[in-house]
Amino acid sequence: MKPTPPKRILIVVAVLLGLLLLMFSLANAQPLPSAQPPAPQPVRVTDDRGRTVVLPRAPQRIVSLLPSLSETVCALEQCQRLVGVDRYSNWPAHLTQLPQVGGGLDPNIEAIVALRPEVVLMATSSRAAARLEALGVPVVALEPKSHADVQRVLGKVGQVLGVPDAQRVWRVIDAGVQAAAQSVPPEARGARVYFEVNRGPYGAGASSFIGETLTRLGARNILPAALGPFPKLNPEFVVRANPDIIMVGARSVEGLAERPGWHALTALRQERLCVFTPTESDVLVRPGPRMAEGARLMARCLSDKAPRAVAPLPQALRAGAVVQAGQGASAAASASTAPGVPAR
């Protein structure tokens, strides 16, 4: 057997030494630093007061003081960020398990501060904004009153939450309202409707989100846009208008026929009255993610109660009429500022 050539021995030794050095290096190598999460980006949003609110990051602890805003946060799949709500926020149902901080217009400031919110969502009509901001609590004030407002507020809340494409929720709402409109039979279109939001009586005017939904359903609102979104009415106004259908919540229906002149209303005499349960009323008076459900409720009412042939709206009412005796259209108030009108 011939001896192994020295050159081959040197090559083998060199390879072995190289492998040993590589193993030693790997054993003592420091692990690569893990990828760091991106730094939180500040959030800038201009609210309905015209104020630009700057937050250091998308807030994780939120207090909402308006049911429609609470529902919007949840519709954007961020319910878990809510740490407190007003007493009227009751949908989704688990919101009732959160700490309640009073009413939306005049909430308990100490209770809000104790929850350590990174932002408070509220109506522009709330009296709490200045006090909270003085205590260093950021406030974003938003108050939808029309369909366009609902779409805009969805975008604003999406900005605050850092949720992309918040408008997908609006597209679902809009499609649902359109489907409800298509369900109304032709004979129900043109029905003259009075929608009462509160027994003040406050009605839903043509310029309100409720009025806009009625228009999309093919109904005619007896309250012209000139009166404002939610005007307080002289009961005689409704008598003169003599609507084909009255829509009212169960909370307000008691004593309806006892109002001066109302016993003669065609809608009451012919039982063309739709009375909504408290749960249904909550859906109907909140300009938010459940507006399509509200449209379906109104469409069902129109389909069930509309007369075969509808009368034209009286000329005096088409031109616009006074609200309370001695008051003009300037007396019309929004639902959020009028006393006794349900929180939205």
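Here the residue index of a chain counts from 1 through its sequence in written order. Given that the model is predicted, a residue must reach a pLDDT of at least 70 before its local features are reported, and side-chain atom pairs must reach 80 or more before they are shown or counted; all residues, however, enter totals for whole chains, interfaces and linings. Excluding hydrogens and water, the side-chain figures rest on all heavy atoms present in the structure.

## A short note on the environment of Val83
Inclusion rule: Where helices and strands are cited, they refer to DSSP runs of H or I of at least four residues and of E of at least two residues respectively, numbered from the N terminus. The contact criterion used is simple: two residues touch if any of their non-hydrogen atoms lie within 4.5 Å.
Within the secondary structure, Val83 is located in strand E4 (residues 82-85). Placed 34 residues apart in sequence, Val83 and Pro117 show a C-alpha to C-alpha distance of 7.5 Å. Not counting residues within four places of it along the chain, the set of residues in contact with Val83 comprises Arg61, Ile62, Val63, Pro99 and Leu115.

## Some remarks on helix H2 (residues 67-75)
Selection criterion: Exposure categories follow from relative accessible area, calculated using a 1.4 Å probe and restricted to protein chains: below 20% of the type maximum is buried, above 50% is exposed, and the middle band is partly exposed.
Counting buried residues in H2 gives eight out of nine residues, a clear majority hidden from the surface. When H2 is considered as a whole, its buried residues turn out to be Pro67, Ser68, Leu69, Ser70, Glu71, Thr72, Val73 and Cys74. Looking at the packing, one finds that the buried side of H2 touches strand E3 (62-64), E4, strand E5 (119-122) and helix H5 (147-161). Positive phi appears at Glu77, one or two residues downstream of H2, with a value of about 65 degrees.

## Section: the packing of H5 against helix H6 (residues 167-183)
Quick note on the threshold: Axis geometry follows a simple rule: fit a line to the C-alpha atoms, using only the stretch in contact for helices, then measure angles between N-to-C directions, giving values from 0 to 180 degrees. Roughly parallel means an angle under 35 degrees; roughly antiparallel means over 145; roughly perpendicular covers 65 to 115; every other angle is labelled oblique. Residues are grouped as follows: Ala, Val, Leu, Ile, Met, Phe, Trp, Tyr, Cys and Pro are nonpolar; Asp, Glu, Lys and Arg are charged; all remaining types, including Gly, are polar.
At their nearest, the axes of H5 and H6 sit 8 Å apart, and the two run at 150 degrees to each other. With respect to H6, the element H5 is oriented roughly antiparallel. Contact residues: H5 offers His147, Val150, Gln151, Leu154 and Gly155, while H6 offers Gln167, Val169, Trp170 and Ile173. Its residues assigned to classes, the contact of H5 with H6 comprises five nonpolar, four polar and no charged.

## Topic: the confidence of the model for the protein chain
For clarity, the cut-off: Confidence scores here are pLDDT values: one per residue, from the predictor, ranging 0 to 100.
Of the residues in the protein chain, 79% have a pLDDT of 70 or more, and the chain-wide mean is 87. Scored below 50 in pLDDT, residues 316-340 makes 49 contacts in the model with residues more than four places away or belonging to other chains.

## Overview of the pairing of strand E7 (residues 192-198)
Along a regular strand, successive side chains alternate from one face of the sheet to the other. Keep this limit in mind: The criterion for strand pairing is that DSSP finds at least two bridges linking the strands in question.
By the criterion of burial, E7 is predominantly enclosed, with seven of the seven residues buried. The pairing of E7 with strand E9 (residues 220-221) spans two bridges and is classified as parallel. Following the sheet pairing, Arg192 is matched in E9 by Arg220. Pairing of E7 with strand E8 (residues 202-203), which is carried by two bridges, proceeds in the antiparallel orientation. Across the sheet, residue Glu196 finds its bridge partner in E8, namely Gly203. Connecting E7 to the next strand, E8, in antiparallel fashion are three residues.

## Some details on the packing of aromatic side chains
Going by this rule: Aromatic pairs are defined between Phe, Tyr and Trp rings, using the six-membered ring for Trp, whenever the two ring centres lie within 6.5 Å; interplanar angles under 30 degrees are classed as stacked, those over 60 as edge-to-face, and all others as tilted. A ring is scored as having a charge over it whenever the NZ atom of a lysine or the CZ atom of an arginine sits within 6 Å of its centre and within 35 degrees of its normal.
This model, assessed by the stated rule, comprises three aromatic pairs. Between the aromatic rings of Phe195 and Phe276, the centroid separation amounts to 6.3 Å while the plane-to-plane angle is 25 degrees, which identifies the pairing as stacked. Remark: Phe276 occurs in strand E11 (residues 273-276) and Phe195 occurs in strand E7; sequence separation between them is 81 residues. Each of the two residues, Phe195 as well as Phe276, counts as buried. In this structure, Arg259 packs its charged tip against the face of Trp262, placed 4.6 Å from the ring centre.

## Concerning the pattern of salt bridges
Convention followed: Salt bridge, as used here, is a side-chain nitrogen of Lys or Arg placed within 4 Å of a carboxyl oxygen of Asp or Glu.
What the rule picks out here adds up to 15 salt bridges. Taking the shortest distance from any N to any O, the salt bridge between Glu71 and Arg286 comes out at 2.9 Å. Of this pair, Glu71 sits in helix H2 while Arg286 is found in the loop between helix H10 (278-284) and helix H11 (291-305), placing the two residues 215 residues apart along the sequence. The same class applies to Glu71 as to Arg286, namely buried. Among the salt bridges present, the one from Glu196 reaches Arg259, with a minimum N-O distance of 2.8 Å. Here the residue Glu196 occupies a position in strand E7, and Arg259 occupies one in the loop between strand E10 (245-249) and helix H9 (266-269), the gap between them amounting to 63 residues. Overall, the relative accessible area of 2% leaves Glu196 in the buried class. Among the charged side chains, a network of salt bridges with common partners joins Glu71, Arg251, Asp282, Arg286 and Arg290.

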